[in-house]
Amino acid sequence: MPHVSRRTFLHTAAAGTATAAWRSLHAQEPPVWKVGGFTKPLQDLSFDETARVATEIGWDGIELALRAGGHVLPTRVDEDLPKLASALRARGQDILVIATDIRAADEALAEQVLGAAARAGIRLYRTGYFRYREGMSIPRQLAEIRAQLKDLAALNAQLGITGLMQNHSGNGYVGSAVWDLHALLENIDPRQIGVHFDIGHATAEAGLSWPTNFALVQERVGAVIVKDFVWTRTPGSGGTPEWCPIGQGMVNPRFFTLLRSSGFRGPLTMQYEYPFENNSVDARVRALKADNAQLRAWLKP
C-alpha cells in the first residue's frame with residue numbers, strides 16, 4: 001500500500017469541524033448574517049479601544065488584519081491574538097475573518113498563524129493575493145498556483161479552518177475575472193478553500209455581468225466583502241474606480257437578494273478605501289457608522 005501523508009489524507013477527507021462550519025454557511029433556513037468591518041482603519045488603536053469602537057459603530061465583529069504591518073503581527077500571534085479576542089468577547093464581538101498574507105502551507109509562520117486562529121475559534125481567513133506574471137502562459141501559471149493551493153487546503157483541513165480567496169479588480173490580479181478562481185478551486189473542497197466574494201471589485205471588473213460571476217462561485221462563497229465606488233473618467237484610458245461610502249456608488253443592492261437566495265449564511269465585512277474627513281477617531285467612527293447603517297438597510301428583506 002503506498003504511503004499517504006497526513007496532509008494528503010486530510011485533503012481528501014476534511015476535518016469534521018470544517019465540514020460543520022461550511023454547512024452552516026449554506027444552510028436552507030432564512031439567513032442570519034453577521035456584519036462587521038475590516039480593522040485596517042483602526043489598527044492604530046489598542047485592543048480594548050478597538051473593541052469599544054467596533055461596538056459603537058454597530059458591528060457584530062471584525063475582519064482582523066493579521067499580517068505584516070497589520071493590527072496583529074504574525075510574529076506575535078500567540079501573544080496578541082488571544083488578547084484581542086478576549087477584549088472583543090467582553091463586548092459581545094467576534095473575529096469573523098482574519099486577513100493574512102498566507103498563500104502556501106510551507107511559508108514561515110503559516111501553520112503557527114492558522115493554528116492560533118483555530119484555537120481562538122476563528123474558522124475563516126483571507127489568503128494573500130496572487131499576481132500573474134507578464135509574458136507567461138496564464139494556464140501554466142494557474143496550474144502552478146493550483147498545486148500550491150492543494151497543499152494549503154490540506155493544512156486547512158488538518159487545522160479545521162477555511163481559507164478564502166478574494167476577487168480583486170485591476171489587471172494582473174488572480175481572481176479579478178472570477179472565472180480563474182472557479183478554475184483554481186474546482187477540485188478543492190470549499191470547506192478547505194473558498195471565495196471571499198467582493199461585490200465592489202466584482203462590479204468594477206464585470207460591469208453589468210457581476211450576477212453571472214457571483215452565480216459561478218456562489219456555492220464556494222464563505223464570506224462577503226462590501227465596498228462601493230464611482231467611475232472617474234480618464235481620457236485616453238477609459239475610467240478609474242474611485243472608492244466612496246457605501247450607497248453612493250455603483251454597487252447594486254440587488255446583490256443581497258441574490259445572496260439571500262443562494263442560502264449563504266456567512267459573515268459580511270465592510271472595507272474602507274475612501275479618504276476620511278480627517279484622521280481623528282471620531283471622524284473615522286462617523287464614516288464607519290454611516291456605512292454600517294447603509295449596509296444594514298440593504299440587508300433588510
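The coordinates are above.
Draft legend 1. Focus on unusual backbone geometry. One non-glycine residue, Leu109, lies in the positive phi region at around 75 degrees. Checked against the element boundaries, Leu109 lands in the loop between β3 (94–99) and α5 (110–119). Given a relative accessible area of 32%, Leu109 falls into the partly exposed group. Backbone geometry places Val178, a non-glycine residue, at a positive phi of 75 degrees.

Draft legend 2. Fine view of the pattern of salt bridges. One pass over the structure, following the stated rule, counts 15 salt bridges. Across the pair Lys83 and Asp80 runs a salt bridge whose closest N-O atoms are separated by 4.0 Å. With Lys83 and Asp80 both in helix α4 (residues 77–89) and 3 residues apart, this pair spans about one turn of that helix. Exposure remark for Lys83: the relative accessible area of 49% places this residue in the partly exposed category. The buried category is assigned to Asp80, whose relative accessible area is 11%. Salt bridges sharing common partners tie together Glu49, Arg52, Glu56 and Lys289.

Draft legend 3. Here's a closer look at helix α10 (residues 254–261). Buried residues of α10: Phe255, Phe256 and Leu259, and no others. Each buried residue of α10 lies within a common arc of 95 degrees when the element is viewed along its axis, so the set occupies one face. Packed against the buried residues of α10 are β6 (193–198), α8 (199–206), α9 (210–217), β7 (221–226), β10 (268–270) and α11 (281–299). Positive backbone phi, at 85 degrees, marks Gly263, one or two positions downstream of α10.

Draft legend 4. Structural view of the packing of α9 against α10. Orientation of α9 relative to α10, taken along the N-to-C sense of each, is 20 degrees, at an axis distance of 11 Å. The angle between α9 and α10 falls in the class roughly parallel. In this structure, the crossing between α9 and α10 has a hand that is right-handed. Facing Trp210, Pro211 and Phe214 of α9, the residues of α10 in contact are Arg254, Phe255, Leu258 and Leu259.

Basis of the calculations
Throughout this document, residue positions are counted from 1 along each chain, in the order its sequence is written. In keeping with the predicted nature of the model, local features appear solely for residues at pLDDT of at least 70, side-chain atom pairs appear and are counted solely at 80 or more, and the whole-chain, interface and lining totals rest on all residues. Side-chain figures throughout are based on the complete set of non-hydrogen atoms in the structure, without hydrogens or water. For helices the rule is a DSSP run of H or I covering at least 4 residues; for strands it is a run of E covering at least 2, with both sets numbered from the N terminus onward. Note on exposure labels: buried denotes an accessible area under 20% of the residue type's maximum, exposed denotes more than 50%, and partly exposed covers the range between, all computed with a 1.4 Å probe on protein chains only. We define a salt bridge as a side-chain nitrogen of Lys or Arg found within 4 Å of a carboxyl oxygen belonging to Asp or Glu. By definition, the arc is the one covered by directions from the helix axis to the C-beta atoms. Here, residues are in contact when the closest pair of their heavy atoms is within 4.5 Å. Axis definition: a line fitted to C-alpha atoms, limited for helices to the stretch in contact. Angles are taken between N-to-C directions and run from 0 to 180 degrees. Under this scheme an angle from 65 to 115 degrees is roughly perpendicular, one under 35 degrees roughly parallel, and one over 145 degrees roughly antiparallel; angles in between are oblique. Crossings are sorted by hand: turned counterclockwise from the far helix by less than a right angle, the near helix makes the crossing left-handed, and turned clockwise it makes it right-handed.

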